[in-house]
Amino acid sequence: MVLAAVLHGVGQQVRVEEIELPAPGPGQVRVRIAASGVCHSDLSLLDGTLDQAFPVVLGHEGSGTVVAVGDGVTHVSAGDPVLLIWAPPCGACWFCANAEPHLCVKAMDAGRVPYAKLADGTDVLPGLGTATFAEETVVPAAGVVRLPDGADLAEAALLGCAVTTGTGAVWNTAQVPAGASVAVVGLGGVGLSAVQGARVAGASVIVAVDPDEDKRKLALSMGATDALEPAPDLAKRVRALTGGRGVDHAFECVGRAATIRASWGLTRRGGMTTVVGVGGKDDKVEFSALELFHFARTLTGCVYGSTDPVRDVPRLVEHVAAGRIDLGALVTARIGLDGIDGAFAAMREGRGARTLVVP
Ligand code: APR
Ligand code: ZN
Ligand code: ZN
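Definitions and limits used
- Residues numbered from 1 in each chain as written.
- Chains lettered and ligands numbered in written order.
- Predicted model: local features only at pLDDT ≥ 70, side-chain atom pairs only at ≥ 80, totals over all residues.
- Heavy atoms only, no water.
- UniProt positions renumbered as here; feature names shortened; annotations may be inferred.
- Helix = DSSP H or I, 4+ residues; strand = E, 2+ residues; numbered from the N terminus.
- Rg over C-alpha atoms; globule rule 2.2 N^0.38 Å.
- Buried < 20%, exposed > 50% of the residue type's maximum accessible area, 1.4 Å probe, protein only.
- Contact = heavy atoms within 4.5 Å.
- Areas by Shrake-Rupley, 256 points an atom, 1.4 Å probe, with all protein chains shown as cover.
- Lys, Arg positive; Asp, Glu negative; His and termini not counted.
- Charge placed at Lys NZ, Arg CZ, Asp CG, Glu CD.
- Pairing = 2+ DSSP bridges.
- Donors = N, O, S within 2.8 Å, 3.2 Å for Na, K, Ca; no water.
- Axes fitted to C-alpha atoms, helices over the stretch in contact; angles between N-to-C directions.
- Parallel < 35°, antiparallel > 145°, perpendicular 65-115°, else oblique.
- Left-handed = near helix turned anticlockwise from the far one by under 90°.
- Nonpolar A, V, L, I, M, F, W, Y, C, P; charged D, E, K, R; others polar.
- Tetrahedral: all angles 85-135°; square planar, octahedral: opposite > 155°, others 65-115°.
- Near = heavy atom within 4 Å.
- Polar contact = N/O pair within 3.5 Å; in protein donor to acceptor, adjacent residues only side chain to side chain.

- Where an unreviewed UniProt entry is consulted, the protein chain appears under the name Zn-dependent alcohol dehydrogenase, with the organism given as Yinghuangia soli.
- Comment text from UniProt for the protein chain, heading Cofactor (unreviewed entry), reads "Zn(2+)".
- If you open the UniProt record of the protein chain and go to Sequence similarities (unreviewed entry), you find "Belongs to the zinc-containing alcohol dehydrogenase family."

Set out below in structure tokens:
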């Protein structure tokens, strides 16, 4: 039996309870969780914005130590420090073969199959296939990437979603070139990682936008050149910072139609908006047919920062070791499994960057 934060239905509080976690089967790995970040997608699964069956153990941004491996697992062994990947590519589908592993059609399969039982014998699902809000979890082998010995294992959890997504949006999806001007709308763990990614890419202007003053200050300390509150004249103020044109690249890191529309309005003619946030299926964004022609802008979605975990995790680990990406500065609170409801409450109010759950 291990402790896990179990969610029994939409909008409920999580219940910390014992679950029966089986030994890893063939092709699976059991991991003792070192830490797990609280991501806005967990909140979206909890409040019904994203579809989720119950009961479930949420948490998809985690790191830990391998406890045991099942038959056929050779790339990690007991005792290894690892990062968990919530969308592990299968390596065999059309998208994987087409060098688009982030679009793998099988990447989310693990989350649809029960992985453990509650004390009363009820099946429980692993949220996004990872279930990191727990002392231990069992995941597919492809969902585990070896980390170097000696790295800060708890902080490395943030590489599991926010940092990979935010930096990947800048480096992989948008491929921001040195000298470009960038706006990042929404400065949670994902947006602040996009700010850091833009700085590493050599962006000349990085405008960070968030209603929360503490977040704006954090963004400035991470490389943003300007920080603005969302307001009706936001686009005008961004144009004033970019020769009257607007930015080359905008990154929407909130996940709402209104902020997608606002981000799009910050770009120059021919500019590109990358939608990193994950919104609800009924939240509609509107564009006029004429403005699409007039501005010749690009709007693109972004899944997991277009990442290839096997290629990108070692690259990120190097950036962290060299001090170019600061994980510690993203962590604004550390809590136990019993603090998760409080972390969601703070997130709803936009308070704090990343909360780390240390089970
Ligand atoms: N303009 C700009 N920022 C806003 C606005 C707005 N109108 N409204 C809210 N925000 C800010 C909040 O203040 C908060 O700082 O957006 C930020 C969102 O951060 P988090 O809730 O911490 O979310 P995060 O985990 O970073 O995820 C962001 O990416 O992966 C997706 O599902 C995730 O859609 C979510 C997005
Ligand atoms: Zn996430
Ligand atoms: Zn695949």
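## Comments concerning the overall build of the protein chain
Line of reasoning, step 1. Along its length, the protein chain carries eleven helices and 18 strands.
Line of reasoning, step 2. Taking 21 Å as the expected radius of gyration for a compact globule of 359 residues, we find that the protein chain reaches 20 Å, a close match to that expectation.
Line of reasoning, step 3. Taken over the C-alpha atoms alone, the protein chain extends approximately 60 × 40 × 40 Å along its principal axes.
Line of reasoning, step 4. When the 359 residues of the protein chain are sorted by exposure, 54% land in the buried category.
Line of reasoning, step 5. Across the protein chain, every contact between residues at least 6 apart in sequence was considered, and the portion connecting residues at least 24 apart equals 69%.
Line of reasoning, step 6. Accessible area for the protein chain stands at about 14800 Å²; split by element, carbon and sulfur atoms hold 53% of it.
Line of reasoning, step 7. Taking the 29 positively charged and 38 negatively charged side chains of the protein chain as two groups, their mean positions are separated by 8 Å.

## Some details on the sheet that holds strand β8 (residues 123–126)
Line of reasoning, step 1. In space, the five strands of this closed barrel follow the order β1-β2-β7-β8-β4, with mixed pairing throughout.
Line of reasoning, step 2. Direction of pairing for strand β7 (residues 116–118) relative to β8: antiparallel, over a ladder of two bridges. Bridged to Lys117 within β8 is Asp123.

## With respect to the UniProt feature "domain: Enoyl reductase (ER)" (unreviewed entry) in the protein chain
Line of reasoning, step 1. Within this numbering scheme, the UniProt entry marks residues 9–358 as carrying the feature "domain: Enoyl reductase (ER)" (unreviewed entry).
Line of reasoning, step 2. For the annotated span residues 9–358, helix accounts for 27% and strand for 25% of the residues, and the straight-line distance between the end C-alpha atoms is 23 Å.

## Comments concerning the coordination of the zinc ion (ligand 2)
Line of reasoning, step 1. Every protein donor of the zinc ion (ligand 2) is listed here as Cys39 (SG), His60 (NE2) and Cys161 (SG), and their distances to the metal cover 2.0 to 2.2 Å.
Line of reasoning, step 2. If you list the donors of the zinc ion (ligand 2) from N- to C-terminus, the spacing comes out as C-x20-H-x100-C. Separated by 21 residues along the polypeptide, Cys39 in the loop between β3 (28–37) and α1 (40–46) and His60 in the loop between β4 (56–57) and β5 (62–69) bring together distant segments of the chain.
Line of reasoning, step 3. Of the residues examined, His60 reaches a relative accessible area of 1% and is grouped as buried.

## Quick word on the packing of helix α4 (residues 162–173) against helix α5 (residues 189–201)
Line of reasoning, step 1. At their nearest, the axes of α4 and α5 sit 7 Å apart, and the two run at 45° to each other. Between α4 and α5, the angle is such that the two are oblique. Crossing hand, α4 versus α5: right-handed. Contact residues: Ala162, Val163, Thr165, Gly166, Thr167, Val170 and Trp171 in α4; Gly189, Val190, Ser193, Ala194, Gly197, Ala198, Val200 and Ala201 in α5.
Line of reasoning, step 2. Here the contact of α4 with α5 is composed, by residue class, of nine nonpolar, six polar and no charged.

## Looking at the coordination of the zinc ion (ligand 3)
Line of reasoning, step 1. At the metal site, the zinc ion (ligand 3) is ligated by Cys90 (SG), Cys93 (SG), Cys96 (SG) and Cys104 (SG), and these contacts range over 2.3 to 2.4 Å.
Line of reasoning, step 2. Because the angles between the four donor atoms bound to the zinc ion (ligand 3) fall within 103 to 116°, the donor set is best described as tetrahedral.
Line of reasoning, step 3. In the primary structure, the donors to the zinc ion (ligand 3) are separated according to the pattern C-x2-C-x2-C-x7-C.
Line of reasoning, step 4. Since its relative accessible area comes to 11%, Cys93 is described here as buried.

## Points about the site of ligand 1
Line of reasoning, step 1. Neighbouring ligand 1 are 25 residues, the closest being His40, Ser41, Asp210, Lys215 and Arg354.
Line of reasoning, step 2. A distance of 2.7 Å separates an oxygen atom of ligand 1 from a polar atom in the side chain of Arg354.
Line of reasoning, step 3. Considered on its own, ligand 1 offers 730 Å² of accessible surface; in the complex 90% of this is hidden by protein.
Line of reasoning, step 4. For the shell around ligand 1, the elements supplying multiple residues, two or more each, are α1 and α5.

## Comments concerning the sheet that holds strand β13 (residues 226–228)
Line of reasoning, step 1. The six strands are arranged β13-β12-β11-β14-β15-β16 in an open sheet whose pairing can be described as parallel. The open sheet has two free edges, formed respectively by β13 and β16 (298–301), since each of these has just one partner strand. Each strand of the sheet is rotated relative to its neighbour by a mean of 20°, with strand direction disregarded.
Line of reasoning, step 2. The pairing of strand β15 (residues 267–275) with β16 spans four bridges and is classified as parallel. Residue pairing for β16: Val275 is matched across the bridge by Gly301.
Line of reasoning, step 3. Along the sheet, α4 contacts β14 (247–252), β15 and β16; its crossing angle with β15, the most-contacted strand, is approximately 135°.

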